[in-house]
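Architecture and fold: a report
Chain by chain, the residues run as shown.
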Amino acid sequence: MSVTKHAFIQMLSLLAVLCSGCDPTYLFHAAAGQFRLLNDSIPIQKALDDQSLPPDEQERLRLVARIKAFGEKELGLRETDNYETVYLSSSQRPVYTVSASPRDRLCQKTWWFPFIGNIPYLGFFDLEKAKAEGEQLTSRHLDVFIGVADAYSTLGWFQDPVTLNLIRGSTPDLAEILLHEMTHTTLYLKGQSAFNEGLAVLVGKVGAFLFFDHAFGPLHPFTRKAKASIDDERLFSRFLDALMDELEGLYESPLSYGEKLTQREVIFTRSLKSFRSLSTVFKTDRFARFDQRPLNNASILALGLYHRHFDLFEAVLKAKGGSIREMLSFFKGLSKESDDLLKDTAVWLQNCSTPHT
């Protein structure tokens, strides 16, 4: 696939609108990175015909169309032209995300963009640029976290390709990530990042399990690993929710700023000890690095964005008979009358469980 100069100008114009109020250097950095992905991507069938990939990567690339079709036809995800091309550049760089938070509150700094509202991170195709942004935020006495995104969605603005890191990873991860990103294209609520990411985590994990169960059967190693990923998600989500509840209690207390910073370190140390006990129960290595990085509010909030509300989404899925299609339809309906879908979903679940006389 080739992106013409006119298309590139259109992309810059769109990003200029999306990023109005942003540093122009960030705008052109994002545009250049997206242009590289689009311009250098090729149809998946062409990549397979070339036979330049190792057999295991070819097999994963062949599976992409099946995963996509399953998501669209069986799970009710939106049909798009995404993931019909692949970006195979050996110089591919990951997308780095930069997030920040005050040191005495669990409150994410956000950046506002037209059409998509407030988002709690900035994305960079260059690590040094991400570090520079992080240093600037740190100088403002904020906690900062720099993460790496396995994939991302342009929410239907552009034709998202499969990237090399996805087909070099595990097959269960490939299915989970593709279905996660397809969820964003299906339902994405302006300014409600925790809802958007929490829903995508649920659909990605449960959808991957359903796909492998359907395609390979319940005893296949891929199916078992997908099921183990769901089990680990439940454990980690509950651990993280308890940690965040404890921190919120501290930050809402009348202690001074300095006392809160001292006490939060006590909580961080205790939570790492609890996590190391919990880690012996995990069936996968998905959360193995949690205790290998310094904890701060920004890193905890970045994880909470994805993992804190898994129980809530799973409860809705159960209430909808285990049907992802029905769950998505429910959320689309509720979103028309809700400005805070996480809160209103919790109220709906509470009403469902309350006996009526």
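Residues numbered from 1 in each chain as written. Predicted model: local features only at pLDDT ≥ 70, side-chain atom pairs only at ≥ 80, totals over all residues. Heavy atoms only, no water.

**Observations concerning the pairing of strand E7 (residues 142-149)**
The cut-off we apply is this: Classification of residues uses two cut-offs on accessible area relative to the type maximum, computed with a 1.4 Å probe and protein chains only: under 20% is buried, over 50% is exposed, and between them is partly exposed. Think of it this way: any DSSP run of H or I at least four residues long counts as a helix, any run of E at least two long counts as a strand, and we number them from the N terminus. Any two strands between which DSSP finds at least two bridges are classified as paired.
E7 sits mainly inside the fold: six of its eight residues count as buried. Here eight bridges tie strand E3 (residues 95-102) to E7, and the two strands are oriented antiparallel to one another. Within E7, the residue paired with Ala-100 across the bridge is Val-144.

**Observations regarding helix H4 (residues 55-73)**
Applied cut-off: A helix is expected to span 1.5 Å multiplied by its residue count minus one. For a residue, the bend is simply the angle between two axes, fitted respectively to the seven-residue segment ending there and the seven-residue segment starting there.
Relative to the 27 Å expected for 19 residues at 1.5 Å per residue, H4 spans 28 Å between its end C-alpha atoms, a close match to the ideal helical length. Maximal helix bending in H4 amounts to about 25°, located at Leu-63. Those residues of H4 lying buried are Glu-57, Gln-58, Arg-60, Leu-61, Leu-63, Val-64, Ile-67, Lys-68, Phe-70, Gly-71 and Glu-72.

**Re the nonpolar core**
Rule in force here: Grouping buried Ala, Val, Leu, Ile, Met, Phe, Trp, Tyr and Cys residues that are joined through side-chain atoms within 4.5 Å yields what is termed a nonpolar core. Throughout, a residue-residue contact means that at least one pair of heavy atoms, one from each residue, lies within 4.5 Å.
Counting 51 residues, the largest nonpolar core has Leu-61, Val-162, Phe-195, Leu-199, Met-327 and Phe-331 as its most contacted members. Residue contributions to this core peak at nine residues, all from helix H8 (residues 193-216). For Leu-61, the residues in contact, after removing those within four places along its chain, are Ile-44, Ala-47, Leu-48, Leu-53, Val-86, Val-162 and Ile-167. Within the second largest apolar cluster, 21 residues are counted, among which are Leu-240, Ile-267, Leu-272 and Leu-301.

**Quick notes on the pattern of salt bridges**
Short version of the rule: Each reported salt bridge corresponds to a side-chain nitrogen of Lys or Arg within 4 Å of a carboxyl oxygen of Asp or Glu.
For the coordinates displayed, the defined rule picks out 23 salt bridges. A salt bridge links Glu-176 to Lys-205; the shortest N-O distance between them is 3.1 Å. Of this pair, Glu-176 sits in helix H7 (residues 171-186) while Lys-205 sits in helix H8, placing them 29 residues apart in sequence. The pair Glu-176 / Lys-205 is uniform in exposure class, with both members buried.

**Describing the sheet that holds E3**
Stated precisely, the cut-off is as follows: Interaxial angle, 0 to 180 degrees, is taken between N-to-C directions of lines fitted to C-alpha atoms, where a helix line uses only the stretch in contact.
Pairing in this open sheet of three strands is antiparallel, and the strands run E6-E3-E7 from one edge to the other. Each edge of the sheet is formed by a strand with only one pairing partner; in this case those strands are strand E6 (122-124) and E7. Adjacent strand axes in the sheet meet at a mean angle of 25°, parallel and antiparallel pairs treated alike. Bridging between E3 and E6 involves three bridges; their strand directions are antiparallel.

**Describing the packing of aromatic side chains**
Worth spelling out the cut-off: Put simply, two rings from Phe, Tyr or Trp (the six-membered ring, in Trp's case) pair if the centres are within 6.5 Å, and we call them stacked under 30 degrees between planes, edge-to-face over 60, tilted for the rest.
Applying the stated criterion across every chain, the model contains 19 aromatic pairs. Residues Phe-195 and Phe-331 carry aromatic rings whose centres are separated by 5.1 Å and whose planes lie at 80° to one another, so their mutual orientation is edge-to-face. Note that Phe-195 is positioned in helix H8 and Phe-331 in helix H13 (residues 324-335), a separation of 136 residues in sequence. Here the two residues Phe-195 and Phe-331 agree in accessibility, since each one is buried. Pairing Phe-236 with Phe-239 gives two aromatic rings, centres 6.0 Å apart and planes at 40°, and the pair type is tilted.

**Examining the packing of H8 against helix H12 (residues 310-319)**
Stated formally: Roughly parallel refers to an angle under 35 degrees, roughly antiparallel to one over 145, roughly perpendicular to one between 65 and 115, and oblique to any angle outside these ranges. Two helices that cross are described as forming a left-handed crossing if the nearer one is turned anticlockwise from the farther one by less than a right angle, and a right-handed crossing if clockwise. When residue character is reported, Ala, Val, Leu, Ile, Met, Phe, Trp, Tyr, Cys and Pro are called nonpolar, Asp, Glu, Lys and Arg charged, and the others, Gly included, polar.
One way to put it is that H8 packs onto H12 with a least axis distance of 9 Å and a crossing angle of 60°. The orientation of H8 with respect to H12, classified from their angle, is oblique. Where H8 crosses over H12, the two elements pack in a sense that is right-handed. Side by side, H8 and H12 meet where Phe-195, Gly-198, Leu-199, Val-201, Leu-202, Lys-205 and Val-206 of the first sit next to Phe-310, Phe-313, Glu-314 and Leu-317 of the second. When grouped by side-chain class, the residues that make up the contact of H8 with H12 number eight nonpolar, one polar and two charged.

**With respect to the environment of Ala-175**
Summarising the element assignment, Ala-175 is placed in helix H7. Residue classification places Ala-175 among the buried positions, given a relative accessible area of 0%. Taking the C-alpha atoms as reference points, Ala-175 and Ile-67, separated by 108 residues in sequence, lie 6.3 Å from one another. Leave out the neighbours within four places in its chain, and Ala-175 touches Ile-67, Ala-208 and Phe-212.

**Quick notes on the confidence of the model for the chain**
Put simply, the rule reads: The predictor attaches a confidence to each residue, called pLDDT, with possible values from 0 through 100.
Here the chain averages 86 in pLDDT, while 83% of its residues score no lower than 70. Across residues 1-22 the pLDDT falls below 50, and counting only partners more than four positions away or on other chains, this stretch makes 36 contacts in the model. Across residues 24-29, where pLDDT falls below 50, the model places 14 contacts with residues more than four positions away in sequence or in other chains.

**Description of the sheet that holds strand E8 (residues 162-163)**
Pairing within the open sheet is mixed, and its three strands lie in the order E1-E2-E8. Looking at strand neighbours, the two that pair on one side only are strand E1 (42-43) and E8, the edges of this open sheet. As judged from the two bridges shared by strand E2 (residues 85-87) and E8, these two strands associate in the parallel manner. What sits directly across from Tyr-87, in E8, is Thr-163.

**Some details on unusual backbone geometry**
Residues other than glycine seldom take positive phi values, yet Gln-51 does so here, at roughly 55°. Mapped onto the elements of the fold, Gln-51 is located in the loop between helix H3 (44-50) and H4. By relative accessible area, Gln-51 is classed as exposed at 60%. Phi is positive for Tyr-83, which is not a glycine, with a value near 60°. Note that Tyr-83 resides in the loop between H4 and E2.

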